[in-house]
Amino acid sequence: MKKYIESFINYRFLLWELVKKGIKLKYRRSYLGIIWSLLEPLLNMIVLTIVFGTILGNHEKTFPVYILCGRLLYSFFSTSTKAALTSIRKNSAMIKKVYVPKYLYTLSAVLYNYIIFLISLIVLVGVALVLGLKPSVYLFQALLALVLILMLSTGCGFILATLGVFFRDMEYLWSVALTLIMYMCAIFYQPERLLSSGFYWILKFNPLYCIIDIMRSAVFGSMMNMQYFVYALCFSIGTIIIGLAGFIKKQDEFILQI
Amino acid sequence: MAKKAIVLSHIGMKFNLSKEKVDSLKEYLIKFVRKEIRYNEFWALKDINLTIYEGERVGILGLNGAGKSTLLKVIAGVFKPTEGTVEKHGKIAPLLELGAGFDKQYTGSENIYLYGAMLGYKKKFIDEKYNEIVEFSELGEFIDVPVKNYSSGMRSRLGFSIATVVAPKILILDEVLSVGDAKFRRKSERKVMDMFDSGVTVLFVSHSLEQVKRICNKAMILDHGKLVAYGDIDEVAPQYEKMIEGREDELPRRAKKNRKKKKTGREN
């Protein structure tokens, strides 16, 4: 354990360089650059509001904020786990040349997406203020949601990174799974609609939905569901333990596969 | 007595060459159920024992596929050996396939920081040495151009400049003294020679026996993953020459034999 902490301290400059590289290269050669991290969720929100506001007849004024909470968290989870999944294979040229702890590649893939995600939260703040939502003490719960989503993505990221080295199919399987997860997150419909249908357990056992719900409680100013919080926390810690253990156990075999 | 720099004990490196590469889940499941996953084991290195002392300059000789690069990668820590242990004393500068670790979309100067960080340099150190690196690489204004637009010579030059800016205790050279044009080659050889004077330990792979004789004072011969000989360059070089001659004679015979045995693929 001490060995890992020491190596982490030694390599934190490299971790930072890798994070910086991810952010820089994501928007390089686009005219608007990093502004896209704000514009993209904003445009998406408008589309979703128009489509689902009309179809589902939801004309609440704050509906865009509701959508934005879900979509921002979901899209961070989706992009970061996808990036983690391919992180080892993408960096194979480096891995084959110089010894560097391999978890850095996976961790940096999650972290650079996290920073972009944090920047994109500006949109949420802006839209919420414009639509007249007043911040309350419950807003501090948002910090919990932000920590939980990072933990969950990191844990899932490590599991996927390990699997991704051995099975190329994971990339395609995971993108299908992500679509399924998206519909299980109640991003653009009210969960109450599922309440009566008997499928509510799908939401309750989806840690990502639990985190989104905590975020919504924070933004809309109500006490979060403690059950959700405990469940999401345990689930995230579980994925981190499984993810890291599997990764460390298998990491010496990576080089023979890539 | 000189201090030990690298101690290799019972190093063995095994590769599993599955007859058909299984890397899709479906294939794996089908084969797993049918118990068809068979691995073709291949030992790239077998039971290597060696102690290299500080200041020794060791040439690694051997034919293609003898395990030279694998041995260097084991020492550099890229490969974890299947058996045995590697003991290293001091900072290692690995010069393996220079510039292959660059990010193609990044500019030269961004790559200096990225690659430097990979080699374990601190930010302050790179800041200080930045000009020296750029100057030595002779890239001039190309330093702000993405590396994908570089020629392979330019890429190697930059890689060499970054990797040698530090004063390492152990230097690993894999065919790198043949980068760039004749002028840069001379310059890089001089730079490496300068390091020799400061007592650096060197591991050097080259197919040119001339170059090995010029640079090294010790040499080892690897053959099919086994350490055949180790000693002073004057003793080992003639032995290697003899070995190559012997091989050339038996080549036609071997080729026939191989066709009959239908050998499976090797490491490369």
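All residue numbers refer to positions counted from 1 along the written sequence of the respective chain. Chains carry letters from A onward and ligands carry numbers from 1 onward, assigned in written order. A pLDDT threshold of at least 70 governs which residues receive local features in this predicted model, and a stricter bar of 80 or more applies before side-chain atom pairs are shown or counted, although totals over entire chains, interfaces and linings include all residues. To obtain the side-chain values, all non-hydrogen atoms of the structure were included, while hydrogens and water were left out.

1. Considering the overall build of chain A
Selection rule: Working definition: helices are DSSP H or I runs of at least four residues, strands are E runs of at least two. Numbering for both runs from the N terminus. The globule rule is 2.2 Å times the number of residues to the power 0.38, and the radius of gyration it is compared with is taken over C-alpha atoms. Only protein chains enter the calculation, and the probe is 1.4 Å; a residue is then buried if its accessible area is under 20% of its type maximum, exposed if over 50%, and partly exposed in between. Any pair of residues with heavy atoms lying within 4.5 Å of one another is described as a contacting pair. We count Lys and Arg on the positive side and Asp and Glu on the negative side, and we leave His and both chain ends out. In plain terms, the charge of a residue is placed at NZ if it is Lys, CZ if Arg, CG if Asp and CD if Glu.
A count of helical and extended segments in chain A gives 12 helices and zero strands. Going from N to C terminus, chain A has its helices and strands arranged as α-α-α-α-α-α-α-α-α-α-α-α. In terms of C-alpha radius of gyration, chain A reaches 19 Å, essentially the compact-globule figure of 18 Å for 258 residues. For chain A, the C-alpha atoms occupy an extent of roughly 55 × 45 × 35 Å along the three principal directions. With 258 residues in all, chain A has 53% of them scored as buried. Residue pairs in contact within chain A that sit at least 24 positions apart in sequence constitute 80% of those at least 6 positions apart. Both charge centroids of chain A, one from 24 positive and one from 10 negative side chains, sit 6 Å from each other.

2. Regarding the pattern of salt bridges
How we decide: Here a salt bridge means any side-chain nitrogen of Lys or Arg lying within 4 Å of a carboxyl oxygen belonging to Asp or Glu.
One pass over the structure, following the stated rule, counts 15 salt bridges over all chains. Note that E189 of chain B and R214 of chain B form a salt bridge whose closest N and O atoms lie 3.0 Å from each other. Here R214 of chain B lies in helix α7 (residues 209-215) and E189 of chain B lies in helix α6 (residues 182-197), a separation of 25 residues in the sequence. Each of K24 and R28 of chain A together with E110 of chain B takes part in a single network of salt bridges with overlapping partners.

3. A word on the sheet that holds strand β8 (residues 218-223) of chain B
Hydrogen bonds along the backbone pair up the strands of a sheet, which may run parallel or antiparallel. Residue and element names in this part refer to chain B. Counted only if it meets this: The criterion for strand pairing is that DSSP finds at least two bridges linking the strands in question. All axes here are fitted lines through C-alpha atoms, helices being fitted over the stretch that makes contact, and every angle between N-to-C directions spans 0 to 180 degrees.
Spatial ordering of the open sheet is given by β5-β6-β7-β3-β8-β9, a layout of six strands whose pairing is mixed. Of all the strands in the sheet, the pair left with one neighbour each is β5 (92-96) and β9 (226-232). Strand-to-strand twist in this sheet, taken as the mean axis angle between neighbours without regard to direction, amounts to 15 degrees. Where β5 meets strand β6 (residues 170-174), five bridges bridge the pair, whose relative direction is parallel. Of the residues in β6, the one forming a bridge with I92 is I170. Strands β3 (57-61), β5, β6, β7 (201-205) and β8 of the sheet are contacted by helix α2 (residues 68-76), whose axis makes an angle of about 150 degrees with β6.

4. What to know about the side chain of S161 of chain B
Note on placement: S161 of chain B falls in helix α5 (residues 152-163). Judged by its relative accessible area of 2%, S161 of chain B is buried.

5. Section: the interface of chain B and chain A
When the parts of a complex come together, some accessible area is lost, and that lost area is often used as the size of the interface. Put simply, the rule reads: As used here, buried area is the combined drop in accessible area, with a 1.4 Å probe, of two parts when they are placed together.
Across the boundary between the two partners, chain B contributes 34 residues, which contact 30 residues of chain A. Across the interface of chain B and chain A, roughly 2800 Å² is buried in total on both sides, 62% from carbon and sulfur atoms. When the buried area of chain B at its contact with chain A is split by residue, V78, Y106 and M118 of chain B rank highest and sum to 23% of it. Counting across the interface, chain B meets chain A through four salt bridges.

6. Side note on a nonpolar patch on the surface
Short version of the rule: To count toward a patch, a residue needs a relative accessible area over 30% and no salt bridge; like charges are then connected within 9 Å, while nonpolar side chains (Val, Leu, Ile, Met, Phe, Trp, Tyr) are connected within 5 Å. What sets the accessible areas is the Shrake-Rupley method with a 1.4 Å probe; for residues, cover comes only from the shown protein chains.
A contiguous nonpolar patch, built from Y31, L32, I34, I35, W36, L43, I46, V47, I50, V51 and I55 of chain A and spanning about 1100 Å² of accessible area, is present on the exposed surface. Looking at the secondary structure, you find I46 of chain A in helix α3 (residues 36-55).

7. Regarding the packing of aromatic side chains
The geometry of an aromatic ring pair is captured by the separation of the ring centres together with the interplanar angle, meaning the angle of the planes. Cut-off, in case you're wondering: The criterion for an aromatic pair is that two Phe, Tyr or Trp rings (for Trp, the six-membered ring) have centres within 6.5 Å, with stacked assigned to planes under 30 degrees apart, edge-to-face to planes over 60 apart and tilted to the rest. A ring is scored as having a charge over it whenever the NZ atom of a lysine or the CZ atom of an arginine sits within 6 Å of its centre and within 35 degrees of its normal.
Inspection of every chain in the model, using the stated rule, returns 21 aromatic pairs over all chains. Centroid distance Y183 of chain A to F188 of chain A: 6.1 Å. Interplanar angle 70 degrees. Geometry classified as edge-to-face. Under the relative-accessibility criterion, Y183 of chain A is labelled partly exposed at 47%. Here F188 of chain A falls in the buried class, since its relative accessible area comes to 8%. Taken together, the ring pairs connect F52, Y183, F188 and Y189 of chain A into an aromatic cluster. Its end group placed over the ring of W43 of chain B, K46 of chain B keeps NZ or CZ at 4.0 Å from the ring centre. In this structure, K191 of chain B packs its charged tip against the face of F136 of chain B, placed 4.4 Å from the ring centre.

8. Thoughts on the environment of F158 of chain A
All names here are of chain A. Structurally, F158 is set in helix α7 (residues 141-166). The class for F158 is buried, based on a relative accessible area of 5%. If we ignore the near neighbours within four places in the chain, the residues touching F158 are Y103, T106, L107, G243, L244 and F247.

9. A short note on helix α2 (residues 12-27) of chain A
Cut-off, in case you're wondering: How far a helix is expected to stretch is found by multiplying one less than its residue total by 1.5 Å.
Here α2 of chain A spans 24 Å end to end across 16 residues, near enough to the 22 Å set by a 1.5 Å rise per residue. For α2 of chain A, the secondary structure elements touched by its buried residues are α1 (2-10), α3, α5 (92-95) and α6 (103-130) of chain A together with α3 (108-118) and α4 (123-137) of chain B. Positive phi shows up at R29 of chain A, right after α2 of chain A, with a value of about 75 degrees.

10. Some points on the state of the cysteines
A covalent bond between the sulfur atoms of two cysteines is referred to as a disulfide. As a reminder of what qualifies: Counting rule for disulfides: a pair of cysteine sulfur atoms within 2.5 Å.
One pass over the structure, following the stated rule, counts zero disulfides over all chains. Not engaged in a disulfide, the cysteine C234 of chain A finds its nearest cysteine sulfur in C210 of chain A; these two sulfurs lie 11 Å apart.

11. Focus on the packing of helix α11 (residues 207-220) of chain A against helix α12 (residues 226-257) of chain A
All names here are of chain A. Here is the rule: Oblique is the label for every angle not falling under 35 degrees (roughly parallel), over 145 degrees (roughly antiparallel), or within 65 to 115 degrees (roughly perpendicular). We call a crossing left-handed when the near helix sits turned anticlockwise from the far one by less than a right angle, and right-handed when that turn is clockwise. Put simply, Ala, Val, Leu, Ile, Met, Phe, Trp, Tyr, Cys and Pro go in the nonpolar bin, Asp, Glu, Lys and Arg in the charged bin, and everything else, Gly too, in the polar bin.
Direction vectors running N to C along α11 and α12 enclose 130 degrees, while the axes themselves pass 9 Å from each other. One way to sum up the angle between α11 and α12 is to call them oblique. Of the two elements, α11 crosses α12, and the hand of that crossing is left-handed. Contacts between α11 and α12 involve P207, Y209, C210, I211, D213 and I214 on the former and, on the latter, Y228, F229, Y231, A232 and F235. Of the residues belonging to the contact of α11 with α12, the class tally is 10 nonpolar, no polar and one charged.

12. Re the confidence of the model for chain B
We apply this condition: A residue's pLDDT is the predictor's confidence in that residue, given on a scale from 0 to 100.
Residues with a pLDDT of 70 or more make up 83% of chain B, whose mean pLDDT is 81. Residue range residues 260-268 of chain B is modelled with pLDDT below 50. Its contacts to residues more than four positions away, or to other chains, number eight contacts.

13. Digging into α6 of chain A
Residues spaced three or four apart along an α-helix face the same direction, because each turn holds 3.6 residues. Under the 1.5 Å per step criterion, the end-to-end length of α6 of chain A is 41 Å for 28 residues, consistent within 8% with the ideal 40 Å. Looking one or two residues past α6 of chain A, G132 of chain A carries a phi angle of roughly 85 degrees, positive in sign.

14. Comments concerning the pairing of β5 of chain B
For β5 of chain B, the tally of buried residues reaches five of five residues, placing the bulk of the element in the interior. Burial along β5 of chain B is two-sided: the residues I92, P94 and L96 of chain B and A93 and L95 of chain B are all buried.

15. Some words on the side chain of E110 of chain B
The test is simple: Within 3.5 Å is the distance limit for a polar contact, defined as a pair of N or O atoms, with the added protein rule that one can donate a hydrogen and the other accept it, and that residues adjacent in sequence qualify only through two side-chain atoms.
Within the element layout of this structure, E110 of chain B appears in helix α3. We classify E110 of chain B as buried; its relative accessible area is 14%. Of the polar contacts made by the side chain of E110 of chain B, one reaches the side chain of K24 of chain A; its length is 2.9 Å. At 2.8 Å, the side chain of E110 of chain B forms a polar contact with the side chain of R28 of chain A.

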